[in-house]
Amino acid sequence: MGVLRFLHPYFLVNTLLVLSYIGARYKGFGNDSVLEREDYLDMTREQQMFVFLVGFAIVNYPNKSTIDAVISMVFLYGKGGVACLFYLLDTTLFAYYAVACLVTFVLLPYPKYAGPDEIVDLNPDSFERRLKADKGVNWIVYFYADWCEDCLHQDAMYANLSLKHASDTVKFGRVDVEKYPGLAKKFNIDTAATSTVQLPTMILFEDGVEAKRLPKLDENKKAVKTLLNNHGVELYFDLQGTKTE
């Protein structure tokens, strides 16, 4: 669960894209469009853009529940701001930058977590067999899809929970709803790509029967938008006392 996973090319390339504007300015690119001070703020457009990006990130930070989501937000806003500055600075640089961002988006999507975990991959057969056969064992099952960005941002957090809390009485499983949509349907999980409020979903099963879930469902069986963070999940599923050494 260390920082080494952030050495993936996705993180390195996107960091370079965000910092590329500093390199351009260091090389001497500049013009009145970005450097001229405006009277009412006494700030250049360059400074205004940086202040706007920092402020926007601070405002949206509470809506991001994991470090992965925060990093993804910073890359998105950072590249958008840099693109605007490049457009004002030099249209040729802007064109190159736009192409670089497009190629990165296509060839380097957000990487799926591939680190250690204590998670059992479940299919329809093993789901029924394992959850009902393990008497006295609580299962927390994570329903996800690789195309879901929120799932990619939550994968590492769920793996961390499994490493901290997996035991003889608490086990962690996961179901790929793209491969097994029947299981998603069985537990009223909407997997439509246009609405990912229910992905990922975590369900606590006690003796094979659903006891709790996140995000919760309201009286109309609609998901209540929920930020899934490590501490909140531990509290909701009463995992504090199950920590393993």
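The name given to the chain in an unreviewed UniProt entry is Thioredoxin domain-containing protein, and the organism recorded there is Achlya hypogyna.

Asks: Would you take a moment to explain the pattern of salt bridges for this structure?
Replies: Side chains that differ in charge, positive against negative, can pair when their charged atoms come close. Applying the stated rule across the entire model yields eleven salt bridges. Ionic pairing is found between Lys 112 and Asp 155, a salt bridge with its closest N-O pair at 3.3 Å. Note that Lys 112 is positioned in the loop between α5 (91–107) and β3 (119–121) and Asp 155 in helix α7 (residues 149–165), a separation of 43 residues in sequence. Owing to a relative accessible area of 38%, Lys 112 belongs among the partly exposed residues under this scheme. If you follow the salt bridges from partner to partner, you end up with Lys 112, Asp 146 and Asp 155 in one network.

Asks: Hey, could you run me through the UniProt feature "transmembrane region" (unreviewed entry) in the chain in this one?
Replies: When the UniProt feature table is mapped onto this chain, "transmembrane region" (unreviewed entry) is found at residues 7–26, 46–62 and 94–110. Counted over residues 46–62, helix gives 88% and strand 0%. Its end C-alpha atoms are 26 Å apart.

Asks: Whenever I open this one, the packing of helix α3 (residues 45–60) against helix α4 (residues 67–89) confuses me. Can you help?
Replies: Helix packing geometry: the angle between the two helix axes and the distance between the axes. Taken N-terminus to C-terminus, the directions of α3 and α4 make an angle of 165°; their axes are 10 Å apart at the nearest point. By the angle class used here, α3 and α4 are roughly antiparallel. The two elements α3 and α4 cross, and the hand of that crossing is right-handed. Two secondary-structure elements touch here, α3 through Arg 45, Glu 46, Met 49, Phe 50, Leu 53, Phe 56, Ala 57 and Asn 60 and α4 through Met 73, Tyr 77, Gly 81, Cys 84, Leu 85 and Leu 88. Along the lines of polarity and charge, the residues of the contact of α3 with α4 split into ten nonpolar, two polar and two charged.

Asks: Looking at this structure, I do not really get the domain arrangement of the chain. What am I missing?
Replies: By a widespread convention, an interface's size corresponds to the accessible area lost as its parts come together. Partitioning the chain into structural domains gives domain 1 (4–107) and domain 2 (120–237). At the interface, eight residues of domain 1 touch eight residues of domain 2. Contact between domain 1 and domain 2 buries roughly 590 Å² in total, counting both sides, with carbon and sulfur atoms accounting for 56%. The largest per-residue losses of area from domain 1 upon contact with domain 2 belong to Ser 65, Thr 66 and Asp 68, which jointly make up 60% of the total buried on that side. In this structure, the connection of domain 1 to domain 2 is made through zero salt bridges. Here domain 1 is connected to domain 2 by four residue pairs in polar contact (both at pLDDT 80 or more). Here the side of domain 1 that touches domain 2 is built from residues that sort into two nonpolar, four polar and two charged.

Asks: Is there a simple way to explain the side chain of Ser 72 in this structure?
Replies: Considering the arrangement of structural elements, one finds Ser 72 in helix α4. Apart from residues lying up to four places away in sequence, Ser 72 is in contact with Tyr 10, Tyr 110, Glu 149 and His 153.

Asks: Looking at this structure, I do not really get the nonpolar core. What am I missing?
Replies: What tends to happen in soluble globular proteins is that the nonpolar side chains get buried as a cluster. Core analysis: the biggest nonpolar cluster contains 39 residues, and Phe 127, Val 141, Phe 143, Phe 172 and Met 202 have the highest contact counts within it. Elements that contribute at least two residues to this core include exactly α6 (124–133), β4 (138–144), α7, β5 (170–176), α8 (181–186) and β6 (201–206). If you look at the next biggest cluster of nonpolar residues, it comprises 17 residues, including Val 34, Leu 89, Tyr 97 and Cys 101.

Asks: Help me understand unusual backbone geometry, please; the structure alone is not making it clear to me.
Replies: Of all residues except glycine, most have a negative phi; of all peptide bonds, most are trans. Look at the link from Leu 199 to Pro 200: it is a cis peptide, with omega at -5°. By the element assignment, Pro 200 lies in the loop between α8 and β6. Of note in this structure, Asn 188 is not a glycine but carries a positive phi near 55°. The topology assignment puts Asn 188 in the loop between α8 and β6. Residues other than glycine seldom take positive phi values, yet Asp 207 does so here, at roughly 55°. Within the element layout of this structure, Asp 207 appears in the loop between β6 and β7 (209–214).

Rules of the game
- Residues numbered from 1 in each chain as written.
- Predicted model: local features only at pLDDT ≥ 70, side-chain atom pairs only at ≥ 80, totals over all residues.
- Heavy atoms only, no water.
- Salt bridge = Lys/Arg side-chain N within 4 Å of Asp/Glu carboxyl O.
- Helix = DSSP H or I, 4+ residues; strand = E, 2+ residues; numbered from the N terminus.
- Buried < 20%, exposed > 50% of the residue type's maximum accessible area, 1.4 Å probe, protein only.
- UniProt positions renumbered as here; feature names shortened; annotations may be inferred.
- Axes fitted to C-alpha atoms, helices over the stretch in contact; angles between N-to-C directions.
- Parallel < 35°, antiparallel > 145°, perpendicular 65-115°, else oblique.
- Left-handed = near helix turned anticlockwise from the far one by under 90°.
- Contact = heavy atoms within 4.5 Å.
- Nonpolar A, V, L, I, M, F, W, Y, C, P; charged D, E, K, R; others polar.
- Domains from an automatic or database assignment.
- Buried area = accessible area lost by both parts, 1.4 Å probe.
- Polar contact = N/O pair within 3.5 Å; in protein donor to acceptor, adjacent residues only side chain to side chain.
- Core = buried A, V, L, I, M, F, W, Y, C linked by side-chain atoms within 4.5 Å.

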